[in-house]
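What follows is each chain in one-letter form.
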Amino acid sequence: MTVHTLGLTPALDVVYVLDEVRAGAIHRPPVVLRSAGGKSLNVARALALLGVPARAVAPLGGRIGDLVAELLARSDGTGAGTVELDRIPTAVETRLCITACDTGARSLTEFYEPVTEFDVAPAEIASRLAVAHPGEWLTVSGAAPAGIDSAAFAELLAAESARGVLLAVDVHGPTLGAIVERARPRLVKVNRAEAADLTGAATGEESARQLVARGAAIAVVTDGEAGSVAATADGDLVVAPPVDRPGLFPVGSGDCYLAGLVAALDAGADLQRALEVAAAAGAANAQVPGAARFDPAEVSLSEVHEVAPIPPE
């Protein structure tokens, strides 16, 4: 089945890889990577790398939006399967995000343009989401653009959940709370800081349990080198240690984690195995510059393909 991805703040991601980054200096990076980016497009591209059919729904505007669409159509040169793009028209120019990787200092300097305008009507989004079939996954990730009505957006997603689409959510702030309580997603994946901002909990386990109490069927809270913890509506608690593969390029690892998690669950993996696949995808991403450019051979789904997939509610 196809996994659908939705994000309202896509970007053209540009990565410069240098031996050294110095404030006030001119830099001529020997390695420049351009990708169709923003969290939701990273998820879609990671799914394609894992061999999962992916359809991305995103507003793309202006010449930068055209370039993002072109990069997505040719998989950014990674050799992965292509992502089907359902492009939402917008008069707002797609943003640019730049990351400078200092390999000597093992540090990143990042410049992310904010999204200060949003001109897409909820009905335009809803018409695109209607393509998803009951039992298929819809991932929703990325920051909410300025001016969007979080409650209305949550109601739009609640309609998808009500007809059997499996929601997987990776957002933060008030939008996360509204979606969890109104749309009751099948899966929530957030990091410990994002979870704590909403729940006020001191630990990932407590945050995961609170997210389930608010409406999530499965809540996964990641904590970098400490691994991840998942709580379920059935009362289960699953803890997964991190993959011992520190990397220099963590940007996009959370998105690849979500892609691995959804891909494994869609293939019928139990939650423990799905967390392991997700962690492997996130760790693989951190080994190479540019989000969702990892070697798919480092992330195995072969052990879960023979298990029955999760049925819709």
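Residues numbered from 1 in each chain as written. Predicted model: local features only at pLDDT ≥ 70, side-chain atom pairs only at ≥ 80, totals over all residues. Heavy atoms only, no water.

Caption draft 1: Region of the structure containing the sheet that holds strand β2 (residues 11–18). Spatial strand order, β3-β2-β6-β7: four strands in an open sheet with mixed pairing. In this open sheet, the two edge strands, each paired with only one partner strand, are β3 (31–37) and β7 (107–112). In this sheet, adjacent strand axes meet at a mean angle of 15 degrees when their direction is disregarded. In this structure, strand β6 (residues 95–102) lies alongside β7, joined through six bridges in antiparallel fashion. (Pairing = 2+ DSSP bridges. Helix = DSSP H or I, 4+ residues; strand = E, 2+ residues; numbered from the N terminus. Axes fitted to C-alpha atoms, helices over the stretch in contact; angles between N-to-C directions.)

Caption draft 2: Here's a closer look at the layout of surface pockets. Counted as a void, the second largest pocket has a volume near 210 Å³. Lining the second largest pocket are 17 residues, and of these V92, E93, T94, V115 and E117 lie nearest its centre. Here the residues of the lining of the second largest pocket are counted per class, giving eight nonpolar, five polar and four charged. (1 Å grid on protein atoms, 1.4 Å probe; cavity = no way out; pocket = protein on both sides within 12 Å on 5 of 7 lines; lining within 4 Å. Points joined across faces, edges and corners; volume = space filled by probe spheres on them. Nonpolar A, V, L, I, M, F, W, Y, C, P; charged D, E, K, R; others polar.)

Caption draft 3: Structural detail: the confidence of the model for the protein. Taken over all residues, the pLDDT of the protein has a mean of 93, while the share at 70 or more is 95%. Below a pLDDT of 50 lies the segment residues 305–313, which in the model reaches 15 contacts outside its immediate sequence neighbourhood of four places, other chains included. (pLDDT = per-residue confidence, 0-100. Contact = heavy atoms within 4.5 Å.)

Caption draft 4: Summary view of empty space enclosed by the protein. Summed over all chains, the structure comprises two cavities of 30 Å³ or more. Within this model, the largest cavity holds a volume of roughly 80 Å³. Contributing to the lining of the largest cavity are 13 residues, with L8, S141, G142, A143 and F153 lying nearest its centre. For the lining of the largest cavity, the class distribution of residues is nine nonpolar, four polar and no charged.

Caption draft 5: The arrangement of the side chain of K189 in detail. For K189, the location among the structural elements is in strand β10 (residues 187–191). In this structure the side chain of K189 is engaged in a polar contact, spanning 3.4 Å, whose partner is the backbone oxygen of G254. (Polar contact = N/O pair within 3.5 Å; in protein donor to acceptor, adjacent residues only side chain to side chain.)

Caption draft 6: The packing of helix α3 (residues 122–129) against helix α4 (residues 150–162), seen in detail. Relative to each other, α3 and α4 sit at 20 degrees, their axes nearing to 10 Å. When the axes of α3 and α4 are compared, the pair comes out roughly parallel. Read as a crossing pair, α3 and α4 show a hand that is right-handed. In this structure, α3 uses P122, I125, A126 and L129 to contact α4, whose residues at the interface are L156, L157 and E160. (Parallel < 35°, antiparallel > 145°, perpendicular 65-115°, else oblique. Left-handed = near helix turned anticlockwise from the far one by under 90°.)

Caption draft 7: Spotlight on the sheet that holds strand β1 (residues 3–6). Spatial strand order, β5-β4-β1-β8-β9-β10-β11-β12-β13: nine strands in an open sheet with mixed pairing. Only two strands of the sheet have a single partner each, and these edge strands are β5 (84–89) and β13 (237–240). Taking each pair of neighbouring strands and ignoring which way they run, the sheet shows an average axis angle of 15 degrees. Inspection of the sheet shows strand β8 (residues 137–141) paired to strand β9 (residues 166–170) by five bridges, in the parallel sense. Directly across from V140, in β9, lies its bridge partner V169. Along the sheet, helix α2 (residues 62–73) contacts β4 (54–60) and β5; its crossing angle with β5, the most-contacted strand, is approximately 165 degrees.

Caption draft 8: Just the side chain of T94, in detail. With respect to the secondary-structure elements, T94 resides in the loop between β5 and β6. Of the polar contacts made by the side chain of T94, one reaches the backbone nitrogen of G61; its length is 2.9 Å. Ignoring any residue separated from it by four or fewer positions in sequence, one finds T94 in contact with P10, A11, L12, P59, L60, G61, I64, G65 and V68.

Caption draft 9: Structural view of the packing of helix α6 (residues 192–199) against helix α7 (residues 204–214). The geometry of α6 relative to α7 is characterised by a closest axis approach of 9 Å and an angle of 55 degrees between their N-to-C directions. Taken as axis vectors, α6 and α7 run oblique relative to one another. Handedness of the α6/α7 crossing: left-handed. Of α7, the residues touching α6 (which contributes R192, A195, A196, L198 and T199) are G204, S207, Q210, L211 and R214.

Caption draft 10: Layout of α3. Buried within α3 are the following residues: I125, R128 and L129. The buried residues of α3 occupy one face: seen down the axis, they fall within an arc of 100 degrees. Lining the buried residues of α3 we find β1, β4, β5, β8 and α4. (Buried < 20%, exposed > 50% of the residue type's maximum accessible area, 1.4 Å probe, protein only. Arc of directions from axis to C-beta.)

Caption draft 11: Up close: helix α1 (residues 39–49). Of all 11 residues in α1, 10 are buried; the element is thus mostly enclosed. Burial in α1 covers these residues: S40, L41, N42, V43, A44, R45, A46, L47, A48 and L49. Just downstream of α1, G51 is the residue with a positive phi angle, here 85 degrees.

Caption draft 12: Up close: the pairing of β9. β9 sits mainly inside the fold: five of its five residues count as buried. Of the two faces of β9, both are covered, the one formed by L166, A168 and D170 as well as the one formed by L167 and V169. Pairing analysis gives two bridges linking β9 to β10, with the strands arranged parallel. Residue A168 lies in a different strand from β10, and its bridge partner there is L187. The parallel pair β9 and β10, bridged by helix α5 (residues 174–183), forms a crossover whose chirality is right-handed. (Right-handed = clockwise from strand over helix to strand, strands pointing away.)

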